[in-house]
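# A closer look at the structure
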Amino acid sequence: MRGAVRLFVPGRGSHKRIRVTVSADFLPSVTSSCLQLSSMRTTCSSGQHSFICGSIQSHNPHNRHNYFNTLSYSSAASTDDAHSSQRDAECINHNDTNNNSCHLSEPLVKPGTPLPPPLPNPNYSFRGRALPTNLIAFNSTEGKQRFMHALQNDCAESYFPLSQQFLNQMDPAYCGITTLVLILNALAIDPNVRWRGGWRWYGDEQMLLERCCIEKERVEREGVTLEQFCGLARCQGVDVKKKRPLRDRGEQRNVAGSSLDAHDIHEFRNDIRNAVRMPPKTQQETDLEIATHADAHNDSQARACNGGYFLVTSFGRSSLSQTGDGHFSPIAAYHEPSDSCLVLDVARFKYAPYWVTVKDLYDAMIPEDKATGQSRGWLLMYPPTKGKHGSKKSLTVEEIEGKRPAACVPLAGSGVSLCAVEKIKVDY
């Protein structure tokens, strides 16, 4: 099986169209990584330089055109030595003819769903909230002791990749979007658009909201549900496993093959332990280890495929004696003697990170979310499936850093397609 794509490269007077056939070898990599562009390796070569520049075009029976942008760039020589037609290559960015459509089989928002009413103006202003007595502040004496114990027992490994990307939500209703941005950066997922300058990085919530079929205004008024969070994460390439708590102690525990999406507190505790002990290793970290320690190649690859994940919880604040309603935040550590976990609350203006018992957090996920009629829950966030290039032992610095010509990577907010998935990737 071979697929055909067209690459558009600027030429004199008109755009050159180069037809490239792509073997089916790369298709499983695309689908298994939730159709991330970075998995594909279509190239247009001249001499020692190899690059992808332009848009890939798909035709459907209704003559609608869907496009997605540049994938990758590599060079066997200095970029300064590249031919001018390559050095000056520019991407031709196209928008889908229907920007409000969702290409997923189950749209994140049902068509025709009206916007919720605007939020009322606040009656009071606050400089923060006092942490309830049932929670332990991370920076308190007890909080520090728990963290030291967790570190000494390898139960705080997730803290480091998460804290490196820890940020504050830019809107009171952005907890889900902000948490997802944090996870995407911790997983080192490539957004394939530039945030600022030449940097491909999820710099803020706008990086997601401007490329999604969920309106920014809708999120600002009601946030996102557990299902919408999962959909947004999968659109960006994250492999997500969703779990909900038992609604009552008599409810049957989830079994293999059952449609019942409910899991007991023991499974929740085990998921926390696994998450904080062995977080996922990013492809960039693996590549760097391989490049600097060639003899550690096999060990690095094994660790990259360790099955690690980050754990995100969606819970009701009122159940923890906090103000507010539904909230998303990741878990960074676990303290076994007190059976508590560290919540990196992304609403840093309201509550700083704190320790909460596993039982209290589990119970806080049980109350019904009025938007869905179901309990909230927790999510296991896995990185995309690694591409075949992971077996390569010798990597250049350019490959590790993901170097590409800036002209071939669209700037966020510059009119690129709203959807990070696009129909062509869904079809593949």
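Note that the structure is a prediction, hence the values are computed from the model and not measured.

## A word on the overall build of the protein chain
Along the backbone of the protein chain there are 14 helices and 16 strands. Here the protein chain, with 428 residues, has 50% of them falling under the buried criterion. For the protein chain, the share of sequence-separated contacts (at least 6 apart) that also reach a separation of at least 24 residues comes to 67%. In the form shown here, the protein chain has an accessible surface area of approximately 20700 Å², with 50% of it arising from carbon and sulfur atoms.

## Overview of the sheet that holds strand β12 (residues 340–343)
The 7 strands lie next to each other as β8-β13-β12-β11-β10-β16-β9, forming an open sheet whose pairing is antiparallel. The open sheet has two edge strands, β8 (136–137) and β9 (239–243), and neither has a second partner. With 2 bridges joining them, β8 and strand β13 (residues 354–357) adopt antiparallel strand pairing. Residue Ala137 lies in a different strand from β13, and its bridge partner there is Tyr354.

## Regarding the packing of aromatic side chains
Across all of its chains, the model carries 10 aromatic pairs by this definition. Between Phe138 and Tyr159, the ring centres sit 5.8 Å apart and the planes meet at 50°, which makes this aromatic pair tilted. With Phe138 in the loop between β8 and α3 (141–152) and Tyr159 in helix α4 (residues 159–164), the pair connects residues that are 21 residues apart, well separated along the chain. A relative accessible area of 18% means that Phe138 is categorised as buried. Aromatic side chains Tyr362 and Trp378 sit 6.2 Å apart centroid to centroid with 50° between the ring planes, which places their arrangement in the tilted category. Taken together, the residues Tyr362 in helix α12 (residues 358–364) and Trp378 in strand β16 (residues 377–382) connect sequence positions 16 residues apart. Pair check on accessibility: Tyr362 and Trp378 agree, each one buried. Joined through ring pairs, the aromatic side chains of Phe138, Phe147, Tyr159 and Phe160 make up one cluster. Seen from the ring of Phe126, Arg129 lies directly overhead, with NZ or CZ sitting 3.8 Å from the centre.

## Here we look at helix α5 (residues 175–186)
A rise of 1.5 Å per residue sets the reference length of α5, with its 12 residues, at 16 Å; its end C-alpha atoms lie 16 Å apart and thus fit the reference within 8%. With 12 of its 12 residues buried, α5 lies for the most part within the structure. Listed in full, the buried residues belonging to α5 are Cys175, Gly176, Ile177, Thr178, Thr179, Leu180, Val181, Leu182, Ile183, Leu184, Asn185 and Ala186. A positive backbone phi angle near 55° is found at Ala188, which sits one or two residues after α5.

## Focus on the nonpolar core
Ranked by size, the top nonpolar core spans 78 residues in total, and within it Phe268, Ile272, Leu342 and Met381 carry the most contacts. In terms of residue count, the dominant contributor to this core is α5 (8 residues). Not counting residues within four places of it along the chain, the set of residues in contact with Ile272 comprises Leu311, Ile331, Tyr334, Cys341 and Val358.

Scoring rules and cut-offs
Residues numbered from 1 in each chain as written. Predicted model: local features only at pLDDT ≥ 70, side-chain atom pairs only at ≥ 80, totals over all residues. Heavy atoms only, no water. Helix = DSSP H or I, 4+ residues; strand = E, 2+ residues; numbered from the N terminus. Buried < 20%, exposed > 50% of the residue type's maximum accessible area, 1.4 Å probe, protein only. Contact = heavy atoms within 4.5 Å. Areas by Shrake-Rupley, 256 points an atom, 1.4 Å probe, with all protein chains shown as cover. Pairing = 2+ DSSP bridges. Phe/Tyr/Trp six-rings, centres within 6.5 Å; stacked < 30°, edge-to-face > 60°. Lys NZ or Arg CZ within 6 Å of the ring centre and 35° of its normal. Expected span 1.5 Å × (residues − 1). Core = buried A, V, L, I, M, F, W, Y, C linked by side-chain atoms within 4.5 Å.

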